[in-house]
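# Fold and geometry: a report
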Amino acid sequence: MIAITSIGQVAEHYDIAVVGAGPAGLAAAARAAELGLSVLLADENPAPGGQIYRAITTTPVTKRAVLGEDYWKGGALVDRLRPTNAAYAPGCTIWSVAPDEAGGFELGLSLGGQARLIAAGQVILATGAQERPFPIPGWTLPGVMTAGAAQIALKASGLVPSGRTVIAGCGPLLYLLAGQLAAAGANIVAVLDTTPRRNWLAAIAAFPDFLRSPYLAKGLKLMAAARGKLPFKTGVTALAAEGSGKLTGVTVTRGGAAETIPCDALLLHQGVIPGINLANAAGCAQHFDAVQHCWTPTVDGWFASSIPGIAIAGDGAGIGGAESAALRGEVAALDAARRLGRLAEAERDAHAAPIRAELARSLRGRRFLDLLYRPAPQFLAPPADETIVCRCEEVTAGQIRDAASRLGVTGPNQMKAFLRCGMGPCQGRLCGPTVVELIAQERGVSAEETGYYRLRPPVKPVTLSELAALPPTDAAIKAVVR
Amino acid sequence: MSEGRRSADVIVIGGGIHGCSTALHCALRGLSVILIEKDHAGRHASGVNAGGVRQLARHVAEIPLSNTSMALWHRIEDLVDDDCGFTSDGQVLVAEDEEDLGNCRARVDDLTLRGFHHEELIDAAELRRLVPAVSDTCPGGVVSRRDGAAIPLRATQAFKRKAQSLGADIREGVRVTRVARDGSDWRVETDHGAFLAPRIVNAAGAWADRIAADLAEPVPLEVIAPMLMITAAMPAFIKPVVILRKRKLSFKQFGNGTVLIGGGYLGRAIRDENRTVLDWGKLATNAKTVWDLFPIMRGAPILRAWAGIEARMPDDLPVFGKSTRHEGVYHQFGFSAHGFQLGPGAGAVMAEIIATGSSNVPIDGLGIARFAAPS
C-alpha cells in the first residue's frame, strides 16, 4: 500500500480508481492490486474503514466489547491491502467522475486544499450508505443529531453524548447503536421504536429465509441485550424535538397519547439508504427500490452501472451490510480487470464463483429486515407543514406541498427552481428522499414516477481558488492547439 | 394520451421560454394553441441558463426584439401572474484595460447613431460605485441600467401556466417524430399520435434543425452545452450582473448570497441522451477569470456546475420569422446561448406575425433564408 499524503503524489492515470475505503472499496482495491492493476483508492476520511469500520486502525476505543466483535473484523480488510501496491489517498475528496473522450474517465479530486484532474480506465464507486433523512419538527435544534453521527464520534474519538440521551427511530442499527452507546457509558433514558406494527404482516413471508441467515443470531443477541437493559418504548407514531435555541426534550406519541421526555441529546435514525450522489452526478441510471424504499443505482450481476466502466460496489448500490459489501467489491474488481483485458471471462467467472456463494449467504434474510424496518409513511414525509425538509435552504414540508399542488411542480428538479430545495452544499443528500415522498404523496403518484434530483458535480464543494489553480491536463494543453 | 384536442389554429413545437411565450401570446390573441414538448417545459436551455435579462452588448440585428422583450420583463407579473424572480439592478460590461474601454466607447457611439440609448459608457469612478468589489485595475465599462436577471425555469413555467390558463393545450412528454403537409394543414406526428394545424411554430431549440430538415429547410445548427457554476452564499458584495468582452465571463450574485459564474465556456452535449459532460479544464479558466477580477471570491466554495443543451447558429444570431418555403411555418430557434431575455418579446412578435402577417418590430437579418443553399 502506497500512502499518498499530497496531491502531487497522485499519478496522472490509474487502471482502476476506487472511491471510498469502506469494506467494498478496501476489498475491491486489494483484489485489483493483487491482479497486478494500478489502483488508486481515494477516501475522504483520515483513516480507512468507511462508516461501519470507521477508524478501525486509529480508534481510541480499546475495550473490544464496546463496539462488538463484528467491528474488529474490519482490521483484516486493511491488513489485506497493506502488502499490495495500491495507492491509498486518505483525506482525498473525489468531486467529479465523468467519461472522457478516450473511453476512460476523468476524475476531479481534492487533497490538502489542492485540486487535480486525473484519468482512470475503470471506476469503482464504493460510496456506501447514508442515513435516511428523518425530518421531524425541531430536528434542526442543537442537541439533535443522527444516530450515525453519534456512532462516528464514538468510533473515531471515543465520545458519547453527554446528559440524558434519547434514541429514536427504526432499524437494526438503532439497537446496535443503543447497545454500543450504553456500553460506552452514555445515559440512555429512552429508546423510542417507530417500527410500524403492521410491518410484521409484510415481513412474515420472508421470515423462513431470515431463520437461516447470519443476521438472526446476531440480531437476537442485539435485541435481547438492548431490550433487557434499556428503557424501550415501541409503537411510536409521532415525534417532535422540543426547545428553543437548544433541545430540552422530545414529545412522543404512542397509542394516541403524547408525553414529553426531557433530554439533552436526541439521536435520530430511520435506517440507511445508498449514498447515490456521485453515481447520480456521473450519470449512472437509477431506479426506485420498492422493498428498501429508496433510490438505487441500477447495476448488473457484476455491479456494473449503466455507464460502461463504472461499477458500484457495496451499500452504494443497495443496502446489504458490511460483509456483503466487501464481497461485492471483489466481484466488481474482477469484472473491472476483465474489462481491462487482464482477466479472461472464464478466469473471472472462476474467481467469482466462491465469492458469489458467500454473497448469497450473507444477503439471506436481508429482505425480512427491509420489510420489517420499512419506515412508517409519516416519518418519510413529515405531516406538519412547518417541519424543515431542506436544511441548507430552510425549505419546509408545507412549502413543498404547496408548490406541488398549487404551482403544479411535478418533480424534484423543478422544485429546485421554485424553492431552491436541494441546491445547498449537501446537494439534496438530506432532503432528496423526503422531497420525493412529499411530491408523490401530494400528487398521488409513485416515487418512481416522481423521479429524483439530477445531481451536478462537484459532488462535494471545491473552492474557487482550488479550481482556478487546477494544473492543466495533457488533454487541455492539446486542446489549445485545436 | 388520447384526451384533449388534436387540432388547433397553431401548433408550437418546443416548450422552452420561446415556445411557451409564443403559445401565451397566441392565446392572448384568441388563437387556439397546442404546444408539444418532448420533456417538460424548460427542461433544457430555458431552465438551466444563467437567467440574464440583458439588453447590454447585443448584436444590432436583435436589439429591437430585445427592447420589446425588456418592456415585457418590467411588467412580467402582470403578464404571467408570477414575478419570475426578476430583479433589475443593471448589467455592467467591465473593460479590463484602456484598449477594451476604447472599444466600449466606439460601441456606445455607434448605438447612439442608430438611435439606441440603453447602453451608457462609464468611467472608473462610476464602475467602482456600481461594482465596488471589482479589481482596481479596471478603467471603466458600459452599463445598461434596466437590465437584470430572473430565475429561468420558474419564468418558463410561469409562461406555460399562464398560456394553459388561457386555454393553450400543453402536451409535455410528447415527442415529435415528423412534420409534413396534410392538405391545407400541417400534420405533426408524435409518439402520441398526430396533431393538425394550419400553422406551426418550430421552437424546438437544440432539436429544431431536425424539424427544419423535415421541412426541406436545412440549417447549420450546432448543439452546444454552455457551462455554469454556482458558489455557496457569500456576503452581499455586488448588485448588477457583470460581463466581460475580452474574456468569457458572466457573473452575478443572487439575493441569497450565492454567486453564479458563467460566460459561455462549452462542455460536451449528448443531445440524444439529454445529457451533458462538463469540461473542468475550461471551468478552471472561468474560475481563474473570477479569481483575477474579484479577489473577494477566492475562497468561495463551488457547490454545483452544470450545462444546458442549446442551439447555436454559425453567426451567433437566432433564426426568427416566417419560413421562406412554406405557408404557415414559422421558425423561432437558434438563440445561441443568449435567448432567455428575448423570450417574452419574441413570443409577442411571433404571435403578431402569425395573427396579422407582420410586425412593426424589425427582425431583419434573423430569417432562415440566410442559410438557404444558393439555387
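Position labels on residues start from 1 in each chain and follow its written sequence. Key to labels: chains lettered from A, ligands numbered from 1, both in the order written. Where totals are concerned, whole chains, interfaces and linings use all residues; where local detail is concerned, this predicted model gives features only for residues with pLDDT of at least 70, and gives and counts side-chain atom pairs only at 80 or more. The side-chain numbers reported here are obtained from all heavy atoms of the structure, hydrogens and water having been left aside.

The next subject is helix 7 (residues 152-165) of chain B. All names here are of chain B. Here a strand is any run of E in DSSP of at least two residues, a helix any run of H or I of at least four, and the numbering for each starts at the N terminus. Helices are assigned an expected span. That span is 1.5 Å times one less than the residue count. Helix length check: helix 7 (14 residues) gives 20 Å between terminal C-alpha atoms against 20 Å at 1.5 Å per residue, within 8%. Any residue under 20% of the maximum accessible area for its type is buried, any over 50% is exposed, and the rest in between are partly exposed; the area is computed with a 1.4 Å probe on protein chains only. Among the 14 residues that make up helix 7, eleven are buried, leaving the element largely enclosed by the rest of the structure. Burial in helix 7 covers these residues: Pro152, Leu153, Arg154, Ala155, Thr156, Gln157, Ala158, Phe159, Lys160, Lys162 and Ala163. Where helix 7 ends, the next residue or the one after it, Gly167, has phi of about 105 degrees, a positive value.

What follows covers the sheet that holds strand 15 (residues 257-262) of chain A. Residue and element names in this part refer to chain A. The pairing criterion for strands is at least two bridges between them, as found by DSSP. The antiparallel open sheet is built from three strands, whose spatial order is 13-14-15. Where the open sheet ends on each side, the last strands, each with one partner, are strand 13 (236-242) and strand 15. Each neighbouring strand pair of the sheet contributes to a mean axis angle of 20 degrees, computed without reference to strand direction. Bridge count for strand 13 against strand 14 (residues 249-254) is six bridges, and the pairing is antiparallel. Opposite Val236, over in strand 14, you have Arg254 as the bridge partner. In this description, a line fitted to the C-alpha atoms serves as the axis of each element, helices being fitted only across the stretch in contact, and the angle between N-to-C directions of two axes falls anywhere from 0 to 180 degrees.

On to the environment of Gly25(A), then. Residues and elements named next belong to chain A. Inspection of the secondary structure assignment puts Gly25 in helix 1 (residues 23-34). The buried category is assigned to Gly25, whose relative accessible area is 0%. C-alpha separation for the pair Gly25 and Ala333, spaced 308 residues apart in sequence, amounts to 9.4 Å.

This part covers the interface of chain B and chain A. By definition in these notes, contact holds between two residues if any of their heavy atoms fall within 4.5 Å. Taken together, the contact pairs 33 residues of chain B with 31 residues of chain A. The buried area of a pairing is the accessible area, by a 1.4 Å probe, that goes missing from both parts when the two are put together, added over both. Counting the surface lost from both chain B and chain A, the interface buries some 2,800 Å², and carbon and sulfur atoms represent 60% of this. Counting the surface chain B buries against chain A, the share from its top three residues, Trp280(B), Leu303(B) and Arg304(B), is 26%. Two N or O atoms form a polar contact when they lie within 3.5 Å of each other; inside protein one atom must be a possible hydrogen donor and the other a possible acceptor, and for residues adjacent in sequence the pair counts only when both atoms belong to side chains. Here chain B is connected to chain A by ten residue pairs in polar contact (both at pLDDT 80 or more). Only helix 7, helix 9 (280-293) and strand 19 (301-307) of chain B provide two or more residues apiece to the side of chain B that touches chain A. It is helix 9 of chain B that provides the largest number of residues to the side of chain B that touches chain A, a total of eight residues. Pairing of strand 23 (residues 462-463) of chain A with strand 19 of chain B, which is carried by two bridges, proceeds in the antiparallel orientation. In the strand pairing of strand 19 of chain B, Val462(A) is matched with Ile302(B).

For the rest of this paragraph, the subject is the nonpolar core. Considering soluble globular proteins, one finds that nonpolar side chains tend to be buried as a cluster. All names here are of chain A. In terms of nonpolar packing, the biggest core is built from 73 residues, with Val18, Val39, Leu41, Ile124 and Leu181 touching the most fellow members. Broken down by element, the residue count for this core peaks at ten residues, all from helix 11 (residues 322-339). Setting aside chain neighbours within four positions, we find Val18 in contact with Gly25, Ala28, Ala29, Val39, Leu40, Leu41, Ala42 and Ile124. By convention a nonpolar core is built from buried Ala, Val, Leu, Ile, Met, Phe, Trp, Tyr and Cys residues, the set being connected through side-chain atoms within 4.5 Å. Listed in part, the 59 residues of the second largest apolar core include Leu40, Ala87, Leu125 and Ile439.

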